[in-house]
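Inside the fold
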Number of protein chains: 2
Amino acid sequence: MRETESRRAQPASQQGMRRANLALVLGEFAAGPRSRADVAAATGLTRAAVSSLVDELSAAGLVAECGPAAPSGRVGRPGTALALDPQGPAGLGGEIGVEHLAACVVDLRGEVRGWRRRDVSNRGRRPAEVLADLAALLRDVSAAARLDPAGLTVAVPGLVGATEGTVERAANLGWSGEPVAEGLRQALAAAGADALAALPIEIDNEANLGGLAELWLGDGPEDFLHVSAEAGIGAAIVVGGRLLRGARGYAGELGHLPVHPDGPRCPCGARGCLEQYAGEAAVLLAAGLPGAGDDWVALLADRAAGGDELVRAALAAAGAALGVAAAGAVNLLDPAAVVLGGGYAELAEWLLPAMRAELAARVTVRPWSGEWLSASALGRRGPLLGAATGVVRAVVADPARFAAAEA
Amino acid sequence: MRETESRRAQPASQQGMRRANLALVLGEFAAGPRSRADVAAATGLTRAAVSSLVDELSAAGLVAECGPAAPSGRVGRPGTALALDPQGPAGLGGEIGVEHLAACVVDLRGEVRGWRRRDVSNRGRRPAEVLADLAALLRDVSAAARLDPAGLTVAVPGLVGATEGTVERAANLGWSGEPVAEGLRQALAAAGADALAALPIEIDNEANLGGLAELWLGDGPEDFLHVSAEAGIGAAIVVGGRLLRGARGYAGELGHLPVHPDGPRCPCGARGCLEQYAGEAAVLLAAGLPGAGDDWVALLADRAAGGDELVRAALAAAGAALGVAAAGAVNLLDPAAVVLGGGYAELAEWLLPAMRAELAARVTVRPWSGEWLSASALGRRGPLLGAATGVVRAVVADPARFAAAEA
């Protein structure tokens, strides 16, 4: 028999208890302003313990007083309300797109405090040039927001595999084995952003971050499949509020799920992959707009909205292929919902009907309702929001680690 | 922003620490015989704490002395070795197959201490009759093993959905909405097995339990896709050592993943499902053996081993379809391995080559090696072993809960 799960646990300790309780208390404030007494009542901790934990969180700049607490019905003065400190540690996000760069700052509460975007074609461009441009955007958005970031996460249109901070393959950029975190750190230093160069830098796949943004900022369930398109088609599988990354970090390659196994050859080498039916190039070709250029999503949305039947038919065909692939994924994974995100969200009006029809026809051994398929309200802002938001969520989830890193 | 994960935590407590440490210590013994001093060294707990925890585990019948400990190189007498008690609480498993019933007992160490099987066609049979037969098997195997089970889990060839203990749909039995746990409890009481009737009874899908058996008893990785066939095709998705059950418990319906979307109509209502290419009826038809009867797996294996080319071709075609479906699942989930289990394991010689070829051709955006696809050594014993083993693993993972339930 293998080791039981409990063997991997560490013995419980006083330090472990304090760490867990710091997170428990900060988690309460993450749900909104409240008094120390409110937190004691909600957590079962004593008022003295809560006060001591709040002092520690306050010293770390994580919570701040925000006025008198609402009357609670409890005996005694209502006390002072505290909340996550909007001037506390922030989340810095970056995005490398095929046709753009972007950067944003969210505060500890998750509110967007700065957003910059620059249209630039990064296809085949040298990584050092791309990262120099991104570093400048990050420096500028961070300086304007006047907050201290606790970390930086960058969304990339490619596979981020076993080696941390390295893009294993980004076909549309022409990158492979590219140490993006290290390169960005150098670019930030060269741009005079020394404080940013010293941050923890994480690199993640844009589809993963888009899915996490939907989890954190959307109002849907905690088990869903998020299907998005930029240059390729990516999926994020969220199970019980956690992203399923796979054994080696490659999960979510829905674009290469075989839709018609004898179909056209895909650049990946296989036949009939979903991307051959619903990817950028396939849809543009079917729409009579091959190689249409910078913003294929906006172009298709404009044409479809204007009544272009060829474009509408191309989108319906793409929706049907997405529906076949999604039906396979739903039968396999049993998510509570499927969310169409990224560029697809802006095309949802023309993709969803055919996609719904395929799901209805093919998901029959378990209940399925057409309402469980929807378009993300975040659209193409998802990956960058996910990048920045993840930084502050990590602080809130384990404030002791943040405080220790600061010390 | 949603609630952070930490908000769901409970405040850490002394009782929680003791509970965690009981599990930590018992987990050490689950890895093999060792002394109290060995456990103290491995866990970081003091010897006094370990002794106190061992006393509690011993009083609950979970660990027992098993001779002098091996010399450790540490100062002092080597002490006495302890191990999981082979006479301690056992796991009782039952299995309802379409053409058989079975029951087994494993001891706390996971060793099989009793196994009974009865061939009987359960197609369309009244649940009460089936459960009466199963209750007699369970009573007899349990009496012969002379161990006290801590619980009973039953493997069923059907969907076990939201309602605990209830089989939502078992098409091959003709059951729907059947309260199997309650019916079995009554049948056990009627069979004079009052102690068994008082046990916690769980019902689970056979494919899930087969996958868990592979996780617990196999020597593969902790992230894999387990594909098995009894009457239908089922999959178990294991991620990080845990079974992915899905939002409503329906995950793993690989049999209804669309393989050729325009293919033949499936009884489920959809077209071109995997079962139309690799399910029992489809393979038997292609092999020229429609409606072949009791043990289709043994029949096909015999014919294929004997050189029957039609049967071999039918199995190769099934393997190719399994490969297309598995390629989709691998691209989506990124497992470290795919394991062919249940009846397929006995047909692996003729299924694997075509399945490997499809996986090699279709899993290209991430590394894939043919060796990562293999046949389970457990074969058709998997679901029943998984049922019984899960009971004792639950005891080892949380001994405090078991001790409390006994008190």
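Computed from a prediction, not measured in an experiment: that's the story for all the values here.

The next point concerns the sheet that holds strand β10 (residues 175-178) of chain B. Residue and element names in this part refer to chain B. Read from one edge to the other, the open sheet built from three strands follows the order β8-β9-β10, with strand pairing classed as antiparallel. Each end of this open sheet is capped by a strand with a single partner; those strands are β8 (159-160) and β10. As paired elements, β8 and strand β9 (residues 167-170) share two bridges and run antiparallel to each other. Directly across from Leu-159, in β9, lies its bridge partner Arg-169.

Pairing geometry for β9(B) and β10(B), over three bridges, is antiparallel. Within the sheet, the bridge partner assigned to B:Arg169 lies in β10(B) and is B:Ser176.

With that settled, consider the relation of the copies chain B and chain A. Between chain B and chain A, which share one sequence, the superposing operator has a rotation angle of 180° and an axial displacement of 0.0 Å; the RMSD is 0.0 Å. Interpreted geometrically, this transformation is the action of a two-fold axis. Closest approach to the rotation axis among the C-alpha atoms of chain B is made by B:His260, whose C-alpha sits 3.0 Å away. Same-surface contact between copies: 99% of interface residues of chain B are shared with the interface of chain A.

The next point concerns the UniProt feature "domain: HTH marR-type" (unreviewed entry) in chain A. Residues annotated by UniProt as "domain: HTH marR-type" (unreviewed entry) correspond here to residues 24-65 of chain A. Annotated as residues 24-65 of chain A, this span is 67% helix and 12% strand, and its ends, taken at the C-alpha atoms, are 18 Å apart.

As a further point, take the nonpolar core. The biggest cluster of nonpolar side chains holds 98 residues, and the ones touching the most others in it are A:Leu300, A:Leu333, B:Leu300 and B:Leu333. Filtering out sequence-adjacent residues up to four positions away, B:Leu333 remains in contact with A:Ile237, A:Leu244, A:Gly246, A:Ala251, A:Leu332, A:Leu333, B:Leu225 and B:Ile237.

Examined against the element boundaries, A:Asp334 turns out to sit in the loop between α11 (309-333) and β15 (337-342). Setting aside anything within four residues of it in sequence, one finds A:Asp334 in contact with A:Ala329, A:Arg366, B:Arg245, B:Gly246, B:Ala247, B:Arg248, B:Gly249, B:Tyr250 and B:Ala251.

Right, let's talk about the pairing of strand β7 (residues 149-156) of chain B for a bit. As a general feature of sheets, a regular strand has side chains that alternate between the two faces. Residues and elements named next belong to chain B. A large share of β7 lies buried, amounting to eight of its eight residues. As defined by bridge partners, strand β4 (residues 90-96) adjoins β7 across six bridges and the pair is classed as parallel. Opposite Leu-92, over in β7, you have Leu-152 as the bridge partner. As judged from the five bridges shared by β7 and strand β11 (residues 201-205), these two strands associate in the parallel manner. Counted as the bridge partner of Ala-155 is Asp-204 from β11.

Attention now moves to the interface of chain B and chain A. Between chain B and chain A, the contact holds 85 residues from the first and 84 residues from the second. The junction of chain B with chain A conceals about 6,800 Å² of combined surface from both sides, 57% of it contributed by carbon and sulfur atoms. Where chain B meets chain A, there are zero salt bridges. Taken together, the connections running from chain B to chain A amount to 22 residue pairs in polar contact (both at pLDDT 80 or more). Listed by contribution, the elements that provide at least two residues to the side of chain B that touches chain A are α1 (14-30), α7 (206-217), β13 (233-239), α11 (309-333), α13 (348-362) and α14 (382-397) of chain B. For the side of chain B that touches chain A, the element with the highest residue contribution is α1(B), accounting for eight residues. Broken down by class, the residue content of the side of chain B that touches chain A amounts to 40 nonpolar, 22 polar and 23 charged.

Below, the discussion takes up the packing of α1(B) against helix α2 (residues 36-43) of chain B. Residues and elements named next belong to chain B. Following both chains from N to C, one finds α1 and α2 inclined at 115°, their axes separated by 10 Å at the closest point. Crossing angle aside, the handedness with which α1 passes α2 is right-handed. Packed against α1, whose contacting residues are Leu-24, Val-25, Glu-28 and Phe-29, the element α2 presents Val-39, Ala-42 and Thr-43 at the interface. Looking at the contact of α1 with α2 residue by residue, the class counts come to five nonpolar, one polar and one charged.

Residue and element names in this part refer to chain A. Relative to the helices and strands, Val-105 resides in strand β5 (residues 100-106). Placed 164 residues apart in sequence, Val-105 and Gly-269 show a C-alpha to C-alpha distance of 40 Å. Filtering out sequence-adjacent residues up to four positions away, Val-105 remains in contact with Ala-90, Gly-91, Leu-92, Glu-111, Val-112, Arg-113, Gly-114, Val-141, Ser-142, Ala-145 and Leu-147.

Moving on, we come to the confidence of the model for chain A. Per-residue confidence for chain A gives a mean pLDDT of 92, with 94% of residues at or over 70. Under a pLDDT of 50 for its full length, residues 1-9 of chain A has, in the predicted model, 35 contacts with residues more than four places off or in other chains.

Moving on, we get to the pattern of salt bridges. All names here are of chain A. With the rule as written, the count across this model stands at 39 salt bridges over all chains. In this structure, Arg-117 and Asp-119 form a salt bridge, with 3.0 Å as the shortest nitrogen-oxygen distance. For the pair shown, Arg-117 and Asp-119 are each scored as exposed. The shortest N-O distance in the salt bridge between Asp-133 and Arg-118 comes to 3.3 Å. Highlighted residues: Asp-133 in helix α4 (residues 127-145) and Arg-118 in strand β6 (residues 112-119), separated in sequence by 15 residues. Judged by its relative accessible area of 15%, Asp-133 is buried. Judged by its relative accessible area of 37%, Arg-118 is partly exposed. Because the salt bridges share partners, they merge into one network encompassing Arg-118, Arg-125, Arg-126, Glu-129 and Asp-133.

Criteria and thresholds
Within each chain, residue numbers correspond to sequence positions counted from 1 in written order. A letter from A marks each chain and a number from 1 marks each ligand, given out in the order of writing. At least 70 in pLDDT is required for a residue's local features to be given in this predicted model, at least 80 for side-chain atom pairs to be given and counted, and no such filter applies to totals for whole chains, interfaces and linings, which use all residues. Just so you know, side-chain values use all the structure's heavy atoms and leave hydrogens and water out. Strand pairing is assigned whenever DSSP detects at least two bridges linking the two strands. Under the DSSP-based scheme used, a helix requires at least four consecutive residues in state H or I and a strand at least two consecutive residues in state E, with every element numbered from the N terminus. Each copy is superposed on the other by least squares, with the fit set by C-alpha atoms of residues at a pLDDT of at least 70 in both. A contact between two residues is defined here by any heavy atoms of the two lying within 4.5 Å. UniProt positions are given in the numbering used here, feature names are shortened, and annotations may be inferred rather than shown by experiment. In this description, a nonpolar core means a group of buried Ala, Val, Leu, Ile, Met, Phe, Trp, Tyr and Cys residues linked to one another through side-chain atoms lying within 4.5 Å. Type-normalised accessible area, obtained with a 1.4 Å probe on protein chains alone, sets the label of each residue: buried when under 20%, exposed when over 50%, and partly exposed for intermediate values. Buried area is a sum: the accessible area each of two parts loses on coming together, probed at 1.4 Å, counted once for each and added. A pair is scored as a salt bridge if a Lys or Arg side-chain nitrogen falls within 4 Å of a carboxyl oxygen belonging to Asp or Glu. In the analysis that follows, any N or O atom pair within 3.5 Å is treated as a polar contact, provided that within protein one partner can donate a hydrogen and the other can accept it, and provided that, for residues neighboring in sequence, both atoms belong to side chains. Side-chain classes are defined by residue name, with Ala, Val, Leu, Ile, Met, Phe, Trp, Tyr, Cys and Pro counting as nonpolar, Asp, Glu, Lys and Arg as charged, and the others, Gly among them, as polar. The angle between two axes is taken between their N-to-C directions and runs from 0 to 180 degrees, where each axis is a line fitted to C-alpha atoms and a helix contributes only its stretch in contact. Helix crossings get a hand from a simple test, with the near helix turned counterclockwise from the far one by less than a right angle marking a left-handed crossing and a clockwise turn marking a right-handed one. As a per-residue measure, pLDDT tells how confident the predictor is, with possible values from 0 to 100.

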